[in-house]
Amino acid sequence: MNLDLLSSDELEQLRNIIMAADSIVVCSHVSPDGDAIGSTLAWSEMLRQYGKQPRIIVPDQFPDFLRWMPGVETIMRYDKHSDEADAIIADADVIFCLDFNEFSRVDAMASSLEASRARKVLIDHHLNPTDKVDMCISRPQLSSTCELVFRLVWQLGLFDQLDRKYAVPVYCGMMTDTGGFTFASTRPEIFFIICQLLTKGIDKDKIYRNVFNVFSESRLRLQGYVLYEKMHVLAGGKAAYFTLTRDDFARFNYVKGDSEGFVNLPLQIKGMRLSISLREDTERDNLVFVSLRSVDDFPCNEMAARFFNGGGHFNASGGRLACSIGEAEEITRQAIAAYESKLK
C-alpha cells in the first residue's frame, strides 16, 4: 500500500532540514487535543532517531486524560514558562508546526513564532494553511495530523527503528480525531496504519480506556445536565445547540477537558445533522468558544466562517465570539435559521 506524501525532492528537502538543524522546536495549537499532543510526541520521538533533541512547546494546558502518554513530561507550556520558551524559539534552527494551519492558532506564542528566524515546517490537516512557512505539508483530506506523521516517518524509512513510545501517541491522535474511528476514517490506509502500529506492542483497548473512561463523577453529571437542561433542538430536529457557563463549571467542579466530546452527543439523535457547543471562557469576560459538528453534507466550516469568526473541517469546525453567552445564543439561532434549507 502506497502511503507516500512527498515527492522524492520534497522528501530530500525535509530530510535536509532535519539534518542541518542543531536546535529544533516542535509546537502545536492552543488548547491542545489528542491529535496535537500525539503528533508532537511522535514527531519528536522520530527526530531523536536523527540524533536530535527537540523541545516540545504548547501554548497552554492540555486535558488530564492525555497525561498518561509516554514522553508527555517533556512538554513545556508557554503560559507557564513564556520567557524560557521565547528564548528557545528565538534560538531554534527549525520549528515544526503541527496540527495548526495559521500562527494565530498558537495564541500568545504567535508573535514569538513569527519573529523567529528559524526555518518553519508546517505538518497539518486543516484547510487553508498559511504560506508563512518554508515547507508546507498540508493534507486536509487525511484523518489527523498523526496520520501525516505516520506517513512521513514511514516514507523516511524510520518506522522499523521506532517502538511503542512513537506508536502509542500516533494511535491516540488518530483515534481521538476520528471519534474512535467513527468518522473521517473510511479509507483502507487508516486500518493498514493501525495494523502496523499494533506490531509495536500497543494496547489499543487500554489507550481507548485511558482517554474515554477516566472521567470524574462530576464530569458525568455535567454531561447529563447538559443534555437534560441545556440542549436546545431546532430546525425540526435537524440542529441542536447547548451552552456551558462559568456557573455551570463551578457547579460541577469543571476541569479542563471535562466538556471534550460533548458537542458530538446531540448527533446521536435520529435525523440530527448539526450540533453546536457554546462555552464561556473561564477567565475572560465576553469570550465564547464555539464548536460545530455535522454529518453528511452539512458544511460546518462555512457556517463557522460566516457566523463564528472561525473555520475548520467540513464536518468539524470551531470559532469564537467576543460577546456574552446570551448574545452568542442569539447568533447561533440566526446561523441555524440561515442554514435551515441545508439542514433538510
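Right above here is the structure, for reference.
Summarised in this report is the structure supplied together with it. (Residues numbered from 1 in each chain as written. Predicted model: local features only at pLDDT ≥ 70, side-chain atom pairs only at ≥ 80, totals over all residues. Heavy atoms only, no water.)

## Topic: the pairing of strand β5 (residues 119–124)
Alright, step 1. Among the 6 residues of β5, 5 are classified as buried, and the element is accordingly described as predominantly covered.
Alright, step 2. Note: strand β4 (residues 94–98) against β5, 5 bridges, orientation parallel. Paired with I95 across the two strands is K120, which belongs to β5.
Alright, step 3. Once the chain exits β4 it traverses helix α4 (residues 110–115) before rejoining the sheet at β5, and the crossover so formed is right-handed. (Buried < 20%, exposed > 50% of the residue type's maximum accessible area, 1.4 Å probe, protein only. Helix = DSSP H or I, 4+ residues; strand = E, 2+ residues; numbered from the N terminus. Pairing = 2+ DSSP bridges. Right-handed = clockwise from strand over helix to strand, strands pointing away.)

## With respect to the nonpolar core
Alright, step 1. In terms of nonpolar packing, the biggest core is built from 59 residues, with L14, W43, M46 and F96 touching the most fellow members.
Alright, step 2. Looking at which element gives the most residues to this core, the answer is helix α6 (residues 164–177), with 8 residues.
Alright, step 3. Dropping the residues within four chain positions of it, M46 is found in contact with I18, V153, L156, L158 and L162.
Alright, step 4. Core analysis: the next-biggest nonpolar cluster, separate from the first, contains 24 residues, A235, L278, L321 and I325 among them. (Core = buried A, V, L, I, M, F, W, Y, C linked by side-chain atoms within 4.5 Å. Contact = heavy atoms within 4.5 Å.)

## Focus: the sheet that holds β4
Alright, step 1. Taken in spatial order, the 6 strands of this open sheet run β3-β2-β1-β4-β5-β6, and their pairing is parallel. Two strands bound the open sheet, and with one partner strand each, they are β3 (75–77) and β6 (135–138). Strand-to-strand twist of the sheet, defined as the mean angle between neighbouring strand axes without regard to direction, takes the value 20 degrees.
Alright, step 2. Pairing geometry for β5 and β6, over 4 bridges, is parallel. Bridge pairing links L122 to C136 in β6.
Alright, step 3. Of the strands in this sheet, β1 (24–27), β2 (55–58), β3, β4 and β5 are in contact with helix α2 (residues 34–48), which crosses β1 at around 160 degrees.
Alright, step 4. Helix α3 (residues 82–91) rests against β1, β2, β3 and β4 of the sheet, and its axis sits at about 125 degrees to β2. (Axes fitted to C-alpha atoms, helices over the stretch in contact; angles between N-to-C directions.)

## Considerations on the sheet that holds strand β7 (residues 232–234)
Alright, step 1. The strand order across the open sheet built from 6 strands is β7-β8-β9-β10-β12-β11, with neighbouring strands paired in mixed fashion. The sheet is open, and its two edges are formed by β7 and β11 (311–312), each paired on a single side.
Alright, step 2. In this structure, strand β9 (residues 274–280) lies alongside strand β10 (residues 288–294), joined through 7 bridges in antiparallel fashion. Across the sheet, residue L278 finds its bridge partner in β10, namely V290.

## Let's talk about α3
Alright, step 1. Among the residues of α3, those classed as buried are A85, I88 and I89. In a view along the axis of α3, the buried residues occupy a sector of 95 degrees, so they form one face of it. Facing away from the buried side of α3, by more than 90 degrees, are the exposed residues D83, A90 and D91. (Arc of directions from axis to C-beta.)

## Some thoughts on the side chain of D177
Alright, step 1. With respect to the helices and strands, the residue D177 is situated in helix α6.
Alright, step 2. For the buried D177, no salt bridge exists, and the shortest N-O distance to an oppositely charged side chain is 7.3 Å, to R293.
Alright, step 3. Within the local environment of D177, its side chain forms a polar contact with the side chain of H125, the two groups lying 3.1 Å apart.
Alright, step 4. Other than its neighbours up to four places away in sequence, D177 contacts D33, D35, H125, S143, S144 and F183. (Lys, Arg positive; Asp, Glu negative; His and termini not counted. Salt bridge = Lys/Arg side-chain N within 4 Å of Asp/Glu carboxyl O. Polar contact = N/O pair within 3.5 Å; in protein donor to acceptor, adjacent residues only side chain to side chain.)

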